[in-house]
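# Structural features, examined
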Amino acid sequence: MRRSMNLRVPGPTPLPRAVCKAMARPMIGHRSSEFRDLMAEIQPCLRAVFGVGEDVIVLTASGTGGLEAAVVNTLSPGDEVVAVSVGVFGRRFAAVAAAFGARVTLVEFPPGQRADARTVGAALAAAPGAKALLLTHSETSTGVANDVPAIVRMARQVSPDILVLVDGVSSVGAMPLEADAWGCDVVVAASQKALMGPPGLALISLSRRGLAAVEQARMPRFYWDLREARRWATRGETPFTPAIGAIRGLHAGLRMLIEEGLDAAFARHRELARMARQGLARLGFRPVAAEECASPSVTAAWVPEGVSADLLIRVLDERYDVVLATGHEPDRTIRLAHMGWVHEVDIREALAAVESALADVRG
Ligand SMILES: *Cc1c(COP(=O)(O)O)cnc(C)c1O
């Protein structure tokens, strides 16, 4: 049993005590007024973090389930799709679309760089029949944040009616997102990243254009059918048994986020990201993301020459109770997350442990 743990992987993220307490309460039924009240209370918080006027759909799933729901509810087999990728999660979104029969054009950018809006515009111009554009807001594998509003503006200049589907799994709650104002038709988030909840819930917003696409889509769907989810949501319920404990945890986490204030939370994330990036650089690591596009959620970095990232991560875990993740380049990169319930002391402690562990592995 560990004394304590500094969980610095990019999801799941640490849980505030209030979240743990909310999850430990006796179970309730999902056709009860208590459950309907819970669902009603989380909606204003969700609308605020997504920047939408309409209710957000709550699915019992991991973030990838949310990406699949976004795809199968808006597209039809054979649809042409342009998928923008700056890393692992961009490629995953594209792979989901391809798995259900979309014809995907992948527009890839090198690790550490964000997507260039003009390049995306050119790709769309070359694909005049494209039905949808797939984007990642914060690419968790490299710690890169994309300029979503700039890309969407460019996309709509080229292709005014294109559907914009956004993977916001590691951005929602950590950085500003205005889905309505930016013109994002579908945004996917998950409970276990910046929203301070446990794993288990995918959250999806739909614009009016997104809703129209849901009515027309012909990809197979049953569990993910958002028409059913929306029908049940009008009475505050879900079609199937939801992860009630996770919803209670998310509710508590969202309340803390709203109490802190979204702008304050975003500023905290930016500051922690700056600390992590500078601290790692001072220890000889090279951040993967270019400075201007560093994600506020997670920092990926190349380990100093001659150091094994895998060994460093193992030593950090076993001797220092600091848990980092590997990065996009096996044994050469690490990732240190700073999203959700994270404070300066956590990052300072993690950096001090990295310094000690570096000395250990160098002998
Ligand atoms: C974590 C994450 C996902 C989804 O991961 P799950 O393990 O399915 O919850 C998708 N996209 C991004 C950007 C992520 O950070």
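Above this text is the structure in question.
The rules behind the values
Residues numbered from 1 in each chain as written. Predicted model: local features only at pLDDT ≥ 70, side-chain atom pairs only at ≥ 80, totals over all residues. Heavy atoms only, no water. Helix = DSSP H or I, 4+ residues; strand = E, 2+ residues; numbered from the N terminus. Rg over C-alpha atoms; globule rule 2.2 N^0.38 Å. Buried < 20%, exposed > 50% of the residue type's maximum accessible area, 1.4 Å probe, protein only. Contact = heavy atoms within 4.5 Å. Near = heavy atom within 4 Å. Polar contact = N/O pair within 3.5 Å; in protein donor to acceptor, adjacent residues only side chain to side chain. Areas by Shrake-Rupley, 256 points an atom, 1.4 Å probe, with all protein chains shown as cover. Nonpolar A, V, L, I, M, F, W, Y, C, P; charged D, E, K, R; others polar. Phe/Tyr/Trp six-rings, centres within 6.5 Å; stacked < 30°, edge-to-face > 60°. Lys NZ or Arg CZ within 6 Å of the ring centre and 35° of its normal. Pairing = 2+ DSSP bridges. Axes fitted to C-alpha atoms, helices over the stretch in contact; angles between N-to-C directions. Arc of directions from axis to C-beta. Disulfide = S-S within 2.5 Å.

Right, let's talk about the overall build of the chain for a bit. A tally of regular secondary structure across the chain gives 13 helices and 15 strands. A compact globule built from 363 residues would reach a C-alpha radius of gyration of about 21 Å, and the chain, at 20 Å, matches this within 12%. By principal-axis analysis of the C-alpha atoms, the chain measures approximately 60 × 55 × 35 Å. Counting over 363 residues, the chain shows a buried share of 58%. Considering only contacts within the chain whose residues lie at least 6 apart along the sequence, 71% involve residues at least 24 apart.

Inspection of the region around the ligand gives Ser 62, Gly 63, Thr 64, Phe 89, Arg 92, Ser 138, Thr 140, Asp 167, Val 169, Ser 170, Gln 192 and Lys 193 as its neighbouring residues. A distance of 2.5 Å is found between an oxygen atom of the ligand and a side-chain nitrogen or oxygen belonging to Thr 64. Between Thr 140 and the ligand, the recorded distance is 2.4 Å, taken from a side-chain N or O atom to an oxygen atom. Considered on its own, the ligand offers 380 Å² of accessible surface; in the complex 87% of this is hidden by protein. Only α3 (63-74) and α4 (88-99) provide two or more residues apiece to the shell around the ligand. Tallied by class, residues from the shell around the ligand come to 2 nonpolar, 7 polar and 3 charged.

As a further point, take the packing of aromatic side chains. Going through the model one piece at a time under the given rule, you end up with 3 aromatic pairs. Arranged with centres 5.0 Å apart and planes meeting at 70°, the rings of Tyr 223 and Trp 224 form a pair that is edge-to-face. Using a relative accessible area of 15% as the deciding quantity, one classes Trp 224 as buried. Pairing Tyr 223 with Phe 240 gives two aromatic rings, centres 5.3 Å apart and planes at 20°, and the pair type is stacked. Linking Tyr 223 in the loop between α8 (208-216) and α9 (226-233) with Phe 240 in the loop between α9 and α10 (244-260), this pair joins segments that are 17 residues apart in sequence. Judged by its relative accessible area of 31%, Phe 240 falls in the partly exposed class. Members of the aromatic cluster, each reached through a chain of ring pairs, are Phe 222, Tyr 223, Trp 224 and Phe 240. We note Lys 193 situated over the ring of Phe 89; from NZ or CZ to the ring centre the distance is 5.6 Å.

The next subject is the sheet that holds strand β8 (residues 163-167). Where strands meet in a sheet, backbone hydrogen bonds hold them as pairs that are either parallel or antiparallel. Reading across the sheet, the 7 strands line up as β2-β10-β9-β8-β5-β3-β4 and stay open at both edges, with mixed pairing between neighbours. A strand with exactly one partner marks an edge of an open sheet, and here the two such strands are β2 (57-60) and β4 (103-108). For this sheet, the mean angle separating the axes of adjacent strands, direction not counted, is 20°. Of the pairings in the sheet, the one linking β2 to strand β10 (residues 201-206) comprises 4 bridges and is antiparallel in character.

Below, the discussion takes up the side chain of Ser 171. Inspection of the secondary structure assignment puts Ser 171 in the loop between β8 and α7 (179-182). In terms of polar contacts, Ser 171 uses its side chain to reach the side chain of His 137, at 2.8 Å. Those residues in contact with Ser 171 that sit more than four places away from it in its chain are His 137, Ser 138 and Ser 297.

Okay, helix α5 (residues 117-125) next. Listed in full, the buried residues belonging to α5 are Ala 117, Val 120, Gly 121, Ala 123 and Leu 124. All buried residues of α5 fall inside an arc of 160° around its axis, so they share one side. As for α5, its buried residues are in contact with β3 (80-85), β4, β5 (132-136) and α6 (148-158).

What follows covers the state of the cysteines. Each disulfide consists of one covalent bond between the sulfur atoms belonging to two cysteines. Evaluation of the coordinates by the stated rule reveals 0 disulfides. The structure places no disulfide on Cys 20, whose sulfur is separated from the nearest cysteine sulfur, that of Cys 45, by 18 Å. In this structure Cys 184 is a free cysteine whose sulfur lies 18 Å from that of Cys 293, the closest cysteine sulfur available. The buried category is assigned to Cys 184, whose relative accessible area is 2%.

With respect to burial, β8 is a largely interior element, 5 of its 5 residues being buried. Note that β8 and strand β9 (residues 186-190) share 3 bridges and pair parallel. Looking at β9, one finds that Leu 165 is bridged to Val 186.

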